[in-house]
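What follows is each chain in one-letter form.
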Amino acid sequence: MPQLIRLFWGQLTPVRRRQGTILVFLMVLVGLSELLLAATISLLGVALASPSSLERFTVLRRGAALAQQVCGVDSSALAMLLFTFLGAFAATLGKNLVTSLQTFFLNRYAHGLSWELTSRLFRTYLFSPWLWHARHNSSDLRTTIEWRSYLGFFVVGCMNMASQACIICVLVAATLFVSPLEAALFYGTIGLSAFLVYRIVQSRAKKNGDDLTSLHMASSKMLVSGLNGIAEVQIYRQQDVLWRRFDGFYPQYTKIMAWRAVFPSIPQWCLESAGLFVLLGLVLLMALRGESIAATTGTLTLLAGACWRLLPACNKFLASSLEYKTHHAAAGNLLEAISLRVAEESAQPRLFRHSLAVEGLSFTYPESDTPVLRNIDLTIRQGRLTGFVGLSGMGKSTLINILAGLVAPSQGIVRVDGIAVEPSPGYLRIGYVPQQPYMLDASLAQNIAFSEAGGAPDMDRVRECCRMAALDFVDELPQGLDTILGERGVRLSGGQLQRVAIARALYAQPEILFFDEATSALDGAAESAIQQTILSLKKNLTVILVAHRLSTVRDCDNIFWIHDGRVRSAGAPDKILPVYQAYLDACGTAERTPARLGQANMYTDAEA
């Protein structure tokens with residue numbers, strides 16, 4: 001527990017720490033109000049049994065006299081009873097007011113803090129390296145962020161424990177001062193009972209919380225898998241299979257949630273019974289000691305009043321500790337994730353005027369011992385259309401990720417215009433068109449203006465990018481550029497999505513445009529249309545193509561053949577493609593180049 005509290009405290013800003021300190025003072029005030037209420041209830045009990053016994057207290061005598069004058073009663077005993085009733089009412093009102101303020105500000109603080117910390121976690125995820133994301137499941141990351149409610153309950157549990165501890169300390173100290181022996185016996189027995197109850201229940205509560213965390217992670221992963229792959233799920237008729245797997249969590253979930261509701265009440269049930277039993281024992285003890293009825297009544301009234309407020313405080317303390325245990329796993333995982341530190345790149349992109357080169361570049365993924373890239377040397381000239389070919393798994397995409405700044409090389413140097421640089425996201429003005437473009441559930445214009453998502457799209461610029469990317473289908477959409485594309489752009493075809501991705505890349509006003517297998521999933525007609533768009537862009541941009549189909553790179557100025565993590569060959573298409581085609585034929589690969597590299601037509605999928 002202390003380790004997790006220290007981890008939590010370390011994530012707080014100075015302002016949040018000051019607010020937490022103010023809440024602690026408010027908790028002390030609640031404890032004092034509980035003591036005042038217990039005292040007034042005890043006085044009320046004595047006034048009901050023997051009003052005259054309170055006459056020896058000057059404050060109470062004067063208060064009763066005032067009540068007698070105001071209310072116009074003749075009996076001094078009735079006046080004392082009225083005054084103690086008014087005192088108990090005022091103490092109850094004050095205690096409830098202070099407690100309601102503490103509850104409001106505590107929950108506002110806790111849940112506001114949980115949102116603030118998970119917002120910080122989301123920012124951490126956004127700035128985490130691409131390789132880090134490649135090693136983590138996006139469903140798990142999303143689930144962790146959604147644990148903010150658990151963190152809020154965790155904070156509320158911790159603060160309530162502190163609040164109830166203040167109340168317990170104040171009440172115990174006061175009653176020990178008035179009746180040391182009886183109070184020591186009473187609190188010793190209650191404390192032992194509370195300890196035993198806590199030891200029995202807390203381990204089960206923690207396991208219950210761990211099970212709940214694991215269940216939420218597994219069920220969330222199942223939901224994401226089913227919904228994200230809905231097309232394949234329906235085509236292969238796997239709806240019932242996935243549903244049954246998700247529904248299989250039902251028995252465990254209901255059992256966990258039922259126990260979760262029971263655990264906080266167990267201490268209350270046990271301590272209420274223990275408290276009444278101890279009070280009965282104290283009556284017998286005081287009778288055996290021969291104490292007077294007045295003394296016995298006064299002591300029991302004091303302890304009963306304290307017990308009346310103390311037992312709920314003990315119950316709440318134990319319930320809060322069990323709540324802490326229940327949400328310990330989720331809060332701990334979230335706090336550990338928040339504690340990650342990532343570098344936020346703020347440098348402006350470098351100007352690219354002549355060349356982008358790598359020297360002696362090698363790369364090995366963290367979980368592997370085998371290099372993906374080995375001692376690569378190559379230069380990409382400004383204003384050229386450069387192609388990368390090679391079989392799958394040979395390192396093409398990894399090399400592109402390094403050049404795009406998503407991945408840092410394990411060894412070697414990246415140079416921009418001859419100057420060594422550390423590649424990172426945004427180190428150059430780059431446009432990126434992946435094989436499967438990411439689309440917002442937003443308008444077409446907002447998707448194109450994604451690189452400047454913080455403001456309203458520049459519609460003139462959007463239209464110019466649509467023209468350059470040959471988005472000839474815009475006028476066919478219901479609301480034109482304001483048409484909502486839907487989740488993952490489901491309203492558009494694959495070729496249309498690629499054109500939107502090209503327009504998005506152009507909106508960023510890049511100096512280098514990357515196409516990473518951007519046409520591999522398209523049919524021949526769509527690929528041909530995209531190819532013509534790429535050729536039109538090379539007049540003003542440096543374009544880099546990664547492709548499986550050789551027809552895609554036949555119009556490049558220069559081609560690099562990547563094989564087994566090395567540059568096996570480099571040169572003009574008429575030099576590289578015949579050799580590469582012969583290699584594919586020897587390997588039995590179904591790739592084919594056109595009969596003449598210069599001919600205008602391209603192969604369709606059937607021909608390829």
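Below, the structure is looked at part by part. If you're wondering where the values come from, they're calculated on a predicted model, not measured in any experiment.

1. What to know about the state of the cysteines
Argument step 1. The final tally for this structure, using the stated rule, is 0 disulfides.
Argument step 2. Looking at Cys-465, it has no disulfide partner, and the nearest cysteine sulfur is the one in Cys-466, 7.1 Å off.
Argument step 3. Taking the relative accessible area as the measure of exposure, Cys-465 reaches 4% and is therefore buried.

2. A few points about the sheet that holds strand β3 (residues 385-389)
Argument step 1. Ordered in space as β6-β7-β8-β3-β9-β10, the 6 strands form an open sheet in which the pairing is mixed. Lying at the two open borders of the sheet, with one neighbouring strand each, are β6 (430-433) and β10 (566-571). Ignoring which end each strand starts from, the neighbouring axes of this sheet average 15° apart.
Argument step 2. Alignment of β3 against strand β9 (residues 558-563), held across 4 bridges, turns out to be parallel. Among the inter-strand pairings, Phe-388 is bridged to a residue of β9, identified as Phe-560.
Argument step 3. Sheet strands in contact with helix α18 (residues 494-507) are β6 and β7 (512-516), and its direction is about 170° off that of β6.

3. A few points about helix α17 (residues 459-468)
Residue pairs spaced three or four apart in an α-helix point in one direction, given the helix's 3.6 residues per turn.
Argument step 1. Residues of α17 that are buried include every one of Arg-461, Val-462, Cys-465 and Cys-466, and no others. Angularly, the buried residues of α17 cover 140° about the axis, an arc narrow enough to put them on a single face. Residues of α17 that are exposed and point more than 90 degrees away from the buried face comprise Asp-460 and Arg-467.
Argument step 2. Structurally, α17 contributes buried residues whose contacts are with α16 (444-448) and α18.
Argument step 3. N-cap assignment for α17: the residue whose side-chain oxygen lies 3.3 Å from the backbone N of Asp-460 is Asp-458.

4. Some thoughts on the pattern of salt bridges
Argument step 1. Scanning the model with the defined rule gives 9 salt bridges in all.
Argument step 2. With a closest N to O distance of 3.2 Å, Arg-353 and Glu-511 form a salt bridge. Residue Arg-353 is found in the loop between α14 (328-338) and β1 (355-363), and its partner Glu-511 is found in the loop between α18 and β7; the two are separated by 158 residues along the sequence.
Argument step 3. Under the relative-accessibility criterion, Glu-511 is labelled buried at 17%.
Argument step 4. We note a salt bridge from Asp-564 to Arg-374, for which the minimum N-O separation is 3.9 Å. A residue pair is termed long-range when its members are at least 10 positions apart, and Asp-564 in the loop between β9 and β10 and Arg-374 in strand β2 (residues 373-381) qualify at 190 residues.
Argument step 5. With relative accessibility at 38%, the residue Asp-564 sits in the partly exposed group.
Argument step 6. Sharing partners across several salt bridges, the network here consists of Arg-374, Asp-564 and Arg-566.

5. Some details on the pairing of β3
Argument step 1. Of all the 5 residues making up β3, 5 are buried; the element is thus mostly covered by neighbouring parts of the structure.
Argument step 2. Burial of the side chains of β3 extends over both faces: Leu-385, Gly-387 and Val-389 are buried on one face and Thr-386 and Phe-388 on the other.
Argument step 3. With 4 bridges connecting them, β3 and strand β8 (residues 542-546) associate as parallel partners. Residue Thr-386 lies in a different strand from β8, and its bridge partner there is Ile-544.

6. Digging into the packing of helix α3 (residues 58-71) against helix α4 (residues 76-127)
Argument step 1. Look at α3 against α4: their axes get within 8 Å of each other, and the N-to-C directions meet at 100°. Classified by the angle between their axes, α3 and α4 sit roughly perpendicular to one another. Of the residues in α4, those in contact with Val-59, Leu-60, Arg-61, Gly-63, Ala-64, Ala-67, Gln-68 and Cys-71 of α3 are Ser-76, Ala-79, Met-80, Leu-82 and Phe-83.
Argument step 2. A class-by-class count of the residues in the contact of α3 with α4 yields 9 nonpolar, 3 polar and 1 charged.

7. A word on the sheet that holds strand β5 (residues 419-421)
Argument step 1. Strands sit in the order β2-β1-β4-β5 across an open sheet of 4 strands; the sheet is antiparallel. Two strands close off the open sheet at either side, each with one partner strand: β2 and β5. Looking at each pair of strands side by side, their axes are set apart by 25° on average, direction ignored.
Argument step 2. Two elements, strand β4 (residues 411-416) and β5, share 3 bridges in a ladder whose sense is antiparallel. For Val-414, the partnering residue across the bridge sits in β5 and is Val-421.
Argument step 3. The sheet strands contacting helix α15 (residues 396-403) are β1, β2 and β4, and the helix crosses β1 at an angle near 125°.

8. Considerations on the environment of Val-553
Argument step 1. If you trace the backbone, Val-553 turns up in the loop between β8 and β9.
Argument step 2. Along the chain, Val-553 and Gln-531 lie 22 residues apart, while their C-alpha atoms are 9.0 Å from each other.
Argument step 3. Every residue in contact with Val-553, bar those within four places of it in the chain, is listed here: Gly-387, Val-389, Leu-545, Ala-547, Ile-559, Pro-573 and Leu-577.

9. Things to note about the packing of aromatic side chains
Argument step 1. Enumeration according to the criterion identifies 8 aromatic pairs in this entry.
Argument step 2. Considering the side-chain rings of Phe-246 and Phe-249, the 6.5 Å spacing of their centres and the 80° angle between planes classify their relative orientation as edge-to-face.
Argument step 3. Using a relative accessible area of 33% as the deciding quantity, one classes Phe-246 as partly exposed.
Argument step 4. Positioned over the ring face of Tyr-507 is Arg-461, at 3.9 Å from the centre of the ring.

10. Focus on the packing of α17 against α18
Argument step 1. Where α17 contacts α18, the axes come no closer than 8 Å and their chain directions differ by 130°. By the angle between their directions, the pair α17 and α18 is classed as oblique. Seen along the crossing, α17 lies across α18 with a hand that is right-handed. Contact with α17, carried on its side by Arg-461, Val-462, Cys-465, Cys-466 and Met-468, involves Ala-503, Leu-506 and Tyr-507 of α18 and no other residues of that element.
Argument step 2. Class assignment of the residues belonging to the contact of α17 with α18 gives a composition of 7 nonpolar, no polar and 1 charged.

Thresholds, definitions, all that
Residues numbered from 1 in each chain as written. Predicted model: local features only at pLDDT ≥ 70, side-chain atom pairs only at ≥ 80, totals over all residues. Heavy atoms only, no water. Disulfide = S-S within 2.5 Å. Buried < 20%, exposed > 50% of the residue type's maximum accessible area, 1.4 Å probe, protein only. Pairing = 2+ DSSP bridges. Helix = DSSP H or I, 4+ residues; strand = E, 2+ residues; numbered from the N terminus. Axes fitted to C-alpha atoms, helices over the stretch in contact; angles between N-to-C directions. Contact = heavy atoms within 4.5 Å. Arc of directions from axis to C-beta. Polar contact = N/O pair within 3.5 Å; in protein donor to acceptor, adjacent residues only side chain to side chain. Salt bridge = Lys/Arg side-chain N within 4 Å of Asp/Glu carboxyl O. Parallel < 35°, antiparallel > 145°, perpendicular 65-115°, else oblique. Nonpolar A, V, L, I, M, F, W, Y, C, P; charged D, E, K, R; others polar. Phe/Tyr/Trp six-rings, centres within 6.5 Å; stacked < 30°, edge-to-face > 60°. Lys NZ or Arg CZ within 6 Å of the ring centre and 35° of its normal. Left-handed = near helix turned anticlockwise from the far one by under 90°.

These values are about where atoms sit, not about what they do.
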